Amino acid sequence: MAYNKIEVPQGGEYTLVLNDGTKVHLNSMSSLRFPLTFEAGKREVELAGEAYFEVSANKNKPFYVHTSKGEIKVLGTHFNLEAYSNADVFKTSLFEGKVRVRVKGNNIYLKPDQMVCYHKNGKIHLETIHDYDQFRWREGLICIKSAKLKDIMKTFTKYFGDSIVIQNKEVEHYKYTGKFRQSRGVINALRLLQKDAPFTIEQDEDKQIIYIK
């Protein structure tokens with residue numbers, strides 16, 4: 001069977017439609033491996049990273065998403081799957097339809113507006129989704145809710161591509177809530193943060209490094 005693989009670089013996004021009509025939105029630093037044509041009886045893809053799936057309904061042909069941390073089985077649904085290999089948490093969030101999440105021998109069935117999280121320490125918890133802003137990356141929005149500056153910089157590195165080094169340790173625990181438009185760039189986002197946090201910016205464009213001082 002012939003396969004394709006799409007790899008999205010740091011700071012990028014990509015949307016594709018599989019041959020069965022399923023639409024996949026891939027987030028930054030993600031990859032999807034999929035067959036050119038699905039065989040009879042089953043549809044299977046492999047994901048590393050984060051993606052939003054709009055699966056074309058077919059009750060006779062389940063759709064499987066395989067990751068290094070777990071497996072998702074659906075018939076036709078909309079869901080977000082976060083499965084970065086270096087992340088502490090594996091998350092599946094359901095918006096329409098029904099999915100089965102299989103992780104470490106456990107089967108969890110989700111209903112719409114539910115999220116299941118599997119932590120690297122082995123704990124699994126199910127919760128109701130209250131904050132949908134976290135999924136607005138498909139609109140080019142980076143939504144931050146009461147996050148520390150040091151964690152915000154990790155998020156900025158993921159979406160903008162530049163490495164950010166915090167040299168001013170006094171501001172790394174500063175907390176912020178807000179939204180940033182990815183298309184406006186990292187410097188614009190940092191300028192917005194500067195309105196509330198006392199730091200300066202130094203940019204090394206050749207090495208793509210930004211220093212917070």
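In this text, all values refer to a predicted model and were calculated from it rather than measured experimentally.

A.B. asks: What am I meant to see in the side chain of K158 here?
C.D. replies: Counting through the fold element by element, K158 comes out in helix 1 (residues 149-160). Exposure remark for K158: the relative accessible area of 15% places this residue in the buried category. A distance of 3.4 Å separates a polar atom in the side chain of K158 from a polar atom in the side chain of E50. Once residues within four sequence positions are removed from consideration, K158 is found in contact with Q10, G11, N27, S28, M29, E50 and Y84.

A.B. asks: What is the right way to read the packing of aromatic side chains from this model?
C.D. replies: Each pair of aromatic rings is reported with the distance of its centres and the angle of its planes. Counted under the stated rule, the structure contains 11 aromatic pairs. Note on F95 and Y132: the rings are 6.0 Å apart at their centroids and 50 degrees apart in plane angle, and the pair reads as tilted. Separated by 37 residues along the polypeptide, F95 in strand 9 (residues 89-96) and Y132 in the loop between strand 13 (124-128) and strand 14 (141-148) bring together distant segments of the chain. For the pair F156 and F180, a centre-to-centre distance of 5.1 Å together with 85 degrees between the ring planes defines the contact as edge-to-face. With F156 in helix 1 and F180 in strand 16 (residues 175-181), this residue pair connects regions lying 24 residues apart in the sequence. A residue is classified by how much of its surface remains accessible, and F156, at 0% relative accessible area, is buried.

A.B. asks: How should I be thinking about the layout of surface pockets in this particular structure?
C.D. replies: Space left empty within the atom packing is revealed by a probe, the size of a water molecule, rolled over the atoms. The computed volume of the largest pocket comes to approximately 1,100 Å³. Along the walls of the largest pocket sit 33 residues, with E82, K91, D151, T155 and K158 positioned nearest its centre. Here the lining of the largest pocket takes 7 residues from helix 1, the largest share from any one element. For the second largest pocket, the calculated volume is near 170 Å³.

A.B. asks: Would you mind showing me how to read the sheet that holds strand 17 (residues 201-204) here?
C.D. replies: Consider a sheet: its strands pair through backbone hydrogen bonds, and that pairing is either parallel or antiparallel. Taken together, 3 strands build an open sheet; the order of strands is 15-18-17 and the sheet is mixed. Single-partner strands in this sheet number two, and they are strand 15 (163-166) and strand 17. Across the sheet, the mean angle separating the axes of adjacent strands is 20 degrees when strand polarity is ignored. In the sheet, strand 15 pairs with strand 18 (residues 209-212) via 4 bridges, with the strands oriented parallel. Residue pairing for strand 18: I164 is matched across the bridge by I210. Relative to the sheet, helix 1 contacts strand 15 and strand 18, its axis offset from that of strand 15 by approximately 165 degrees. Sheet strands touched by helix 2 (residues 186-194): strand 15, strand 17 and strand 18. Its angle to strand 17, the strand with the most contacts, is close to 165 degrees.

A.B. asks: Can you help me understand the packing of helix 1 against helix 2 in this one?
C.D. replies: Contact geometry of helix 1 with helix 2 gives a least axis separation of 11 Å together with a crossing angle of 160 degrees. What the angle tells us is that helix 1 and helix 2 run roughly antiparallel. The handedness of the crossing between helix 1 and helix 2 comes out as right-handed. Contact with helix 1, carried on its side by L149, I152, M153, F156 and F160, involves V186, A189, L190 and L193 of helix 2 and no other residues of that element. Partitioned by chemical class, the residues of the contact of helix 1 with helix 2 number 9 nonpolar, no polar and no charged.

A.B. asks: Even after reading the chapter, I still don't get the pairing of strand 8 (residues 78-83), so can you show me in this structure?
C.D. replies: Along a regular strand, successive side chains alternate from one face of the sheet to the other. Where strand 5 (residues 43-54) meets strand 8, 6 bridges bridge the pair, whose relative direction is antiparallel. Its bridge partner being in strand 8, F53 is matched across the sheet by F79. For strand 8 and strand 9, the ladder comprises 5 bridges, and the chain directions are antiparallel. Looking at the pairing, H78 lines up with E96 of strand 9.

A.B. asks: Sorry if this is basic, but what is going on with the environment of I108 here?
C.D. replies: Position of I108 relative to the elements: it lies in strand 11 (residues 106-110). Along the primary structure I108 and I124 are separated by 16 residues, whereas in three dimensions their C-alpha atoms are 9.6 Å apart. Apart from the residues within four sequence positions on either side, I108 is in contact with V99, R100, V101, V103, V116, I124 and L126.

A.B. asks: Just checking my understanding: could you explain the nonpolar core for this structure?
C.D. replies: Across soluble globular proteins, nonpolar side chains have a tendency to be buried as a group. The biggest cluster of nonpolar side chains holds 30 residues, and the ones touching the most others in it are I152, M153, F156, F180, L190, L193 and I212. For this core, the elements supplying multiple residues, two or more each, are strand 9, strand 12 (114-119), strand 14, helix 1, strand 15, strand 16, helix 2 and strand 18. Ranked by residues supplied to this core, first place goes to helix 1 with 6 residues. The next biggest cluster of nonpolar side chains, apart from the first, holds 29 residues, and it includes L16, V24, V74 and F79.

Calculation notes
- Residues numbered from 1 in each chain as written.
- Predicted model: local features only at pLDDT ≥ 70, side-chain atom pairs only at ≥ 80, totals over all residues.
- Heavy atoms only, no water.
- Helix = DSSP H or I, 4+ residues; strand = E, 2+ residues; numbered from the N terminus.
- Buried < 20%, exposed > 50% of the residue type's maximum accessible area, 1.4 Å probe, protein only.
- Polar contact = N/O pair within 3.5 Å; in protein donor to acceptor, adjacent residues only side chain to side chain.
- Contact = heavy atoms within 4.5 Å.
- Phe/Tyr/Trp six-rings, centres within 6.5 Å; stacked < 30°, edge-to-face > 60°.
- 1 Å grid on protein atoms, 1.4 Å probe; cavity = no way out; pocket = protein on both sides within 12 Å on 5 of 7 lines; lining within 4 Å.
- Points joined across faces, edges and corners; volume = space filled by probe spheres on them.
- Pairing = 2+ DSSP bridges.
- Axes fitted to C-alpha atoms, helices over the stretch in contact; angles between N-to-C directions.
- Parallel < 35°, antiparallel > 145°, perpendicular 65-115°, else oblique.
- Left-handed = near helix turned anticlockwise from the far one by under 90°.
- Nonpolar A, V, L, I, M, F, W, Y, C, P; charged D, E, K, R; others polar.
- Core = buried A, V, L, I, M, F, W, Y, C linked by side-chain atoms within 4.5 Å.

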